[in-house]
Amino acid sequence: MTEVRMWLSIVRLFFQTIFNFFQPSAWRRAEIIHAIVQSGIKSIPIVCLSTAFAGVVVTQQIAWHMDLSLHDVSMIPGFTGQFIFRELGIAIPALLLVSKVGASITAEVGTMKVTEQIDALKLLRIDPIEYLVFPRFIAGIVSGACLTLLAVAVTLSCSALVGILGYNFGALEFLNGMKHFIGVADVVCALVKGVTFGSLIPIVSCAYGFHCKGGAQGVGTATTQAVVSATVAIIILDFLITYFFTWFL
Amino acid sequence: MIQFFQDLGATSLFFVRVVRTFFATQGNFQPILGQVAFVSLRSLSTVLFAGLFVGAILVLQLDLILAKYDAELFLGGLNTSTVIREVGPLIISFLLAGKIGAFTAAELGTMRVTEQIDAIECLGTNPIQYLVVPRLFGIMISSLILLFIGLLVSIGGAMAVAWFACGITIPEFTSSIPKFVSIGTFVAALFKALVYGTIVATVSCHRGFIATGGARGVGHAVTQASIFTNLYILFANFGLSHMLTLIDTLTEGLMGGSP
Amino acid sequence: MISVKNVGKSFHGRWIFRNLSLEVGRGHSVVLIGPSGGGKSTLLKIIAGLIVPDEGRVQILSKNVGMLFQKNALFDSLTVEENLLFPLKEIKKLIGTKAQEKAARFLKQVGLNGCEKQFPDEISGGMQKRLGIARALIVEPEVILYDEPTAGLDPITSKTIAELIRTLMVESQSTLLTVTNDMQRAYQIGDEIYLLAQGQMTPGGNPDQVQATKLPELRQFIYGLKSGPLTGGLV
C-alpha cells in the first residue's frame, strides 16, 4: 500500500518537474551545469571501466556459444554488435548509474530534508522542485543520452578488440560485420532507453529523498528503497521499450 | 587510483578480520540463520519480479537476433545458458547489492554514527562478532538461495515469453537446453553467486562499520557501498568467467563431453 | 503583526492542538514555552507557512519572514559566506561586491568574521547557531521566528546568543516569536511569555509576572514539579 502511494507521488513529482520546463526561472544555469558534472561527467570513468569489462566477457561468451551451436564464429561481429547495442551497452550503465547517481541524490536530498534545509529553501521562497529536482532531471536526460552512447562505443570497441585479437578477425571485417546488423532503429532505441533511464533516476531518487523521515536512519532507509525501486523500474521499462521496438527492428 | 587500491585493501582486511572473529569465537549459527531468513524473505519479491522480466527481455532480444540467422531452434538453449552463466548471477547480485547491501550499510552506518556500536563495545561485546558476522555470512548464504530462485523464475519467464511472443513451444524451448547446459554450468553459477554475495556482504558491512558524521555520513556510506560493490562485481565477473569457461572446457574434454 | 486564529493540526488522526489563538504586536517579542511534543515547533512552522493547518487561519502582515531552525538547516554544500550570499541573491536579488560587503557586515555582527571560507560542519555548534541567525536576518525580515535558538549550547554561549537576538531585534525593530524551553533565555528574550501545553495556550504575561505567577500549570512547568495539572503530553 505504501509502495503504491510512493509510486503515485513519484508520478506526481515527474509532472511537477515537467511543468518547470515552461518556467524561465527554473533554468538555473549554474545548478544545471553542477548537476551535469555530478551525475554525468563524474560517472564517465566508472561507466567506461565497467562496460569495457562487460564487453570483453560477453564477446567471449557469445563466441563460445556460437562455436558450440553453429560450429562457426564468423557471426560474432553481427551478433555481439546487436546484443551490445540493444541491451548490454544500455542496461549495465543504467544499473550502475542507479547505484552511483541515484543513491547519492537520495542521500543528498534526504539529508537536506531531515536537517530542515528544504524548509529553509521554502522560507526563501524557492521551490525545492525547481531548485533541486529540475536541474538533476535535465542533467539526467543529457547524461543518460551521452553516457549510453559512450557506453555502447566502449563496449563495442572492446568487443571488437576481443574479436580481432582472439578470433583473428580483421578490424575492417569486424566493423563491416557489425554495420550490417545495426540500423537507425537500433540507435533510436538506444537513445530512447538512455534518456528514459537517465530521467527516471533523478525523479525516483528525489521523491524518496523528499519523503525521508527521522535522522540518519531515515536517510539510509530512503537511499536503499530508492536504489531498489529505480532498479526494478528500469528493468520493467527496459522490457516494455524492447517489446515496443520489436515491431520496428 | 591509489585511493582505489587503498579501499580495496581495507575492505579485504576487514573480510579477513570478520572471518577470523568467526572462527575465534567458535561460530554461533543461530544469528546467521536468522539473518539468512531475513535477507531471503526481504529480497524475495524483488528477485521474483526482476528475474521474470530479465528472462523476458533476454528472450526477446535473442529471438530478434536468432530470427535473422534462422536459428530459432537454439533459442531455449542459448537463453538458458546465458541466464545461468552470466545474467542470472550478475543481476541477482546487483539486486542484492541494492536491496540488502545498501540496507546493511545504512543499518550499520546508523549504529555507528548514533554511537550504538560504541555502546556495544562498552558492554564488553565484540561488535564484529555480534553485528557483522551474522550479516556477512547471512548475505553470503542467502545469495545462493536467491540465485536458485531467480534462475528458476527467469527461465520460466523466458519460456512464457518465448511461447506468447516468439511462437516457440515449451518442448521446443527445452529440447535445445542440454546442448548448452550441464550440472557443471549450474555449479559454476552457484560459485559465482557465492563470490558476488561475499563482495556485497563485505563491502556493505565495511562501509557501514566505518561511517562517520550524522545523516550525511550514512548517506555517503550507502552510496559508496553500492558503487564499489557493483564495480568489484564486474571485475570479479571478468576473472571468473574466464576461469569457469576454462574449467568447463577442461572437464568436458575429460568426460568425453556432449556433442 | 502575527495573528493566529483557532488553528488546529492533527497527525495520523490525533489532534496535537485545536482552537489555538495568538496575537503578536508589531515590534513585540513573544516567547512560547511548553513541554516537548506539545506542538510548539509545529505551530512555528504553521506560522512560517511550511505546514498547512487543518483548521483555522494564520495572518502575517509582512511577506518578509526569517526563521532560525532547530537544527539550523545550514546549506551544508555551501561555505559560511555563501550561506549568506544565497538568500541575498534569491530574495534581495543582490549580487557582487555589494552582497559580499553586506555578508561581511553580518558575519562581523555575529562574530564569525574569519570563517568565511569554512563549511558549516567545520565550525562549532554555537558558531553554527550564530550563522543560522545571520542567515535568517540578512534579508532584513520584519518577522523573525526562532525555533529553540539555544538548545544544546552551554550556558555562556546561550546567554551570548540570547543577548545577540535581543540586540538585533532592537536594531532592526522586528517582531519576534521564539520557541524555547530554557526559562532563563525566555526571560531574557521575551516581552510576553505563553505556555503551550496539552493543546492549550496559557498567557503568562511579562517575565516578572511569570516569575511571580500563581497559575498552577505555569508554576509546575517553570519549577519542574512532578505533581500538578500537566500530565499526559509530557514526553
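Residues numbered from 1 in each chain as written. Chains lettered and ligands numbered in written order. Predicted model: local features only at pLDDT ≥ 70, side-chain atom pairs only at ≥ 80, totals over all residues.

Peer 1: Got a sec to walk through the overall build of chain C? Specific residues and values, please.
Peer 2: Of regular secondary structure, chain C possesses eight helices and nine strands. In terms of overall size, chain C behaves like a compact globule, its C-alpha atoms giving a radius of gyration of 18 Å where 235 residues would be expected to give roughly 18 Å. Its C-alpha atoms give chain C principal-axis dimensions of roughly 55 × 35 × 30 Å. Relative to all contacts within chain C whose residues are 6 or more apart in sequence, the contacts with residues 24 or more apart total 66%. (Helix = DSSP H or I, 4+ residues; strand = E, 2+ residues; numbered from the N terminus. Rg over C-alpha atoms; globule rule 2.2 N^0.38 Å. Contact = placed C-beta atoms within 7 Å.)

Peer 1: With reference to specific residues and values, describe the overall build of chain B.
Peer 2: Per the secondary structure count, chain B includes nine helices and zero strands. Taken from N to C terminus, the helices and strands of chain B fall in the order α-α-α-α-α-α-α-α-α. When the backbone C-alpha atoms are referred to their principal axes, chain B occupies close to 70 × 40 × 40 Å. Looking at chain B residue by residue over its 259 residues, the buried ones come to 54%. Taking all contacts inside chain B whose residues are at least 6 apart in sequence as the whole, residues at least 24 apart take part in 88%. (Buried ≥ 20, exposed ≤ 12 C-beta atoms within 10 Å, placed from the backbone.)

Peer 1: Describe the sheet that holds strand 5 (residues 65-68) of chain C, listing the residues and the values that go with them.
Peer 2: Residues and elements named next belong to chain C. Pairing is mixed in the open sheet, where six strands are placed in the order 5-6-7-3-8-9. Edge positions in the sheet fall to strand 5 and strand 9 (200-205), since each of these pairs with one other strand and no more. Looking at each pair of strands side by side, their axes are set apart by 20° on average, direction ignored. Examined bridge by bridge, strand 3 (residues 29-33) and strand 7 (residues 175-179) share four bridges and lie parallel to one another. Among the inter-strand pairings, Leu32 is bridged to a residue of strand 7, identified as Val179. Packed onto the sheet, helix 4 (residues 125-137) meets strand 5 and strand 6 (143-147) and runs at close to 170° relative to strand 5. (Pairing = 2+ DSSP bridges. Axes fitted to C-alpha atoms, helices over the stretch in contact; angles between N-to-C directions.)

Peer 1: Can you break down the environment of His211 of chain A residue by residue, with the values?
Peer 2: Within the secondary structure, His211 of chain A is located in the loop between helix 8 (184-210) and helix 9 (215-245). Spatially, the C-alpha atoms of His211 of chain A and Val109 of chain A are 9.6 Å apart, while their sequence positions differ by 102 residues.

Peer 1: Could you give an account of the interface of chain B and chain A, naming the residues involved and the relevant values?
Peer 2: Across the boundary between the two partners, chain B contributes 51 residues, which contact 51 residues of chain A. Broken down by secondary-structure element, the contributors of at least two residues to the side of chain B that touches chain A are helix 2 (29-69), helix 3 (75-113), helix 7 (177-180) and helix 9 (214-255) of chain B. Broken down by element, the residue count for the side of chain B that touches chain A peaks at 18 residues, all from helix 9 of chain B. Counted by class, the side of chain B that touches chain A contains 29 nonpolar, 16 polar and six charged residues. (Nonpolar A, V, L, I, M, F, W, Y, C, P; charged D, E, K, R; others polar.)

Peer 1: Break down the packing of helix 3 (residues 44-70) of chain A against helix 3 of chain B for me, citing the residues and quoting the values.
Peer 2: Taken N-terminus to C-terminus, the directions of helix 3 of chain A and helix 3 of chain B make an angle of 145°; their axes are 12 Å apart at the nearest point. As helix 3 of chain A runs across helix 3 of chain B, the sense of the crossing is right-handed. When helix 3 of chain A is examined against helix 3 of chain B, the residues Gln61, His65 and Ser69 of chain A are found in contact with a partner set consisting of Leu78, Ser81, Arg85 and Glu86 of chain B. (Left-handed = near helix turned anticlockwise from the far one by under 90°.)

Peer 1: Tell me what's going on with the confidence of the model for chain B, and back it up with residues and numbers.
Peer 2: Per-residue confidence for chain B averages 85 on the pLDDT scale, and 95% of its residues sit at or above 70. Per-element mean pLDDT across chain B ranges from 79 in helix 9 of chain B up to 90 in helix 8 (residues 183-209) of chain B. (pLDDT = per-residue confidence, 0-100.)

Peer 1: Requested: an account of the sheet that holds strand 1 (residues 2-11) of chain C, with residues and values cited.
Peer 2: Residue and element names in this part refer to chain C. An order of 2-1-4 is seen for the three strands of this open sheet, with the pairing classed as antiparallel. Pairing within the sheet leaves two strands with one partner each, and these edge strands are strand 2 (14-24) and strand 4 (55-60). Between one strand axis and the next, the sheet turns by 25° as a mean value, whatever way the strands run. Alignment of strand 1 against strand 4, held across five bridges, turns out to be antiparallel. Paired with Ser3 across the strands is Gln59, a residue of strand 4. Each of strand 1, strand 2 and strand 4 touches helix 1 (residues 40-48); the most contacted strand, strand 1, lies at about 120° to it.

Peer 1: Before we move on, can you summarise the interface of chain C and chain A with the specific residues and values?
Peer 2: The interface is formed by twelve residues belonging to chain C together with ten residues belonging to chain A. Of the residues forming the side of chain C that touches chain A, the biggest block, three residues, is contributed by helix 2 (residues 80-92) of chain C. A per-class count over the side of chain C that touches chain A returns nine nonpolar, one polar and two charged.

Peer 1: Account for the nonpolar core, with residues named and values stated.
Peer 2: Ranked by size, the top nonpolar core spans 222 residues in total, and within it Ala134 and Leu145 of chain C carry the most contacts. Ranked by residues supplied to this core, first place goes to helix 4 (residues 76-114) of chain A with 21 residues. If sequence neighbours within four positions are ignored, Leu145 of chain C has contacts with Leu44, Ile47, Ala48, Val65, Met67 and Leu177 of chain C. (Core = buried A, V, L, I, M, F, W, Y, C linked by C-beta atoms within 7 Å.)

Peer 1: Explain helix 9 of chain A residue by residue, including any values.
Peer 2: Its 31 residues place the ends of helix 9 of chain A 44 Å apart at the C-alpha level, agreeing with the 45 Å of an ideal helix rising 1.5 Å per residue. For helix 9 of chain A, the buried fraction is high: 22 of the 31 residues fall into the buried class. (Expected span 1.5 Å × (residues − 1).)

Peer 1: Break down the packing of helix 5 (residues 127-166) of chain B against helix 8 of chain B for me, with residues and values.
Peer 2: All names here are of chain B. Interaxial distance between helix 5 and helix 8 falls to 8 Å at its minimum, and their mutual angle equals 150°. Regarding the angle of helix 5 to helix 8, the classification is roughly antiparallel. For the pair helix 5 and helix 8, the sense of crossing is right-handed. Residues Val132, Arg135, Leu136, Ile139, Met140, Ser143, Leu144 and Leu147 of helix 5 form the contact with helix 8, whose participating residues are Ala189, Leu190, Ala193, Leu194, Tyr196, Gly197, Thr198, Val200, Ala201, Thr202, Cys205 and Phe209. Residue composition of the contact of helix 5 with helix 8, by class: 15 nonpolar, four polar and one charged. (Parallel < 35°, antiparallel > 145°, perpendicular 65-115°, else oblique.)

Peer 1: Give a detailed account of the environment of Val187 of chain B, specifying residues and quantitative values.
Peer 2: Residue and element names in this part refer to chain B. Looking at the element boundaries, Val187 is found in helix 8. By C-beta crowding, Val187 is classed as exposed, having 12 other C-beta atoms within 10 Å. A sequence separation of 16 residues divides Val187 from Val203, and the C-alpha atoms of the two residues are 24 Å apart.

Peer 1: An account of the environment of Ile90 of chain A is requested, with residue identities and associated values reported.
Peer 2: All names here are of chain A. Positionally, Ile90 belongs in helix 4. As for Ile90 and Thr80, which are separated by ten residues in sequence, their C-alpha atoms are 14 Å apart. Setting aside residues no more than four positions away along its own chain, Ile90 makes contact with Thr148, Ala190, Lys193 and Gly194.

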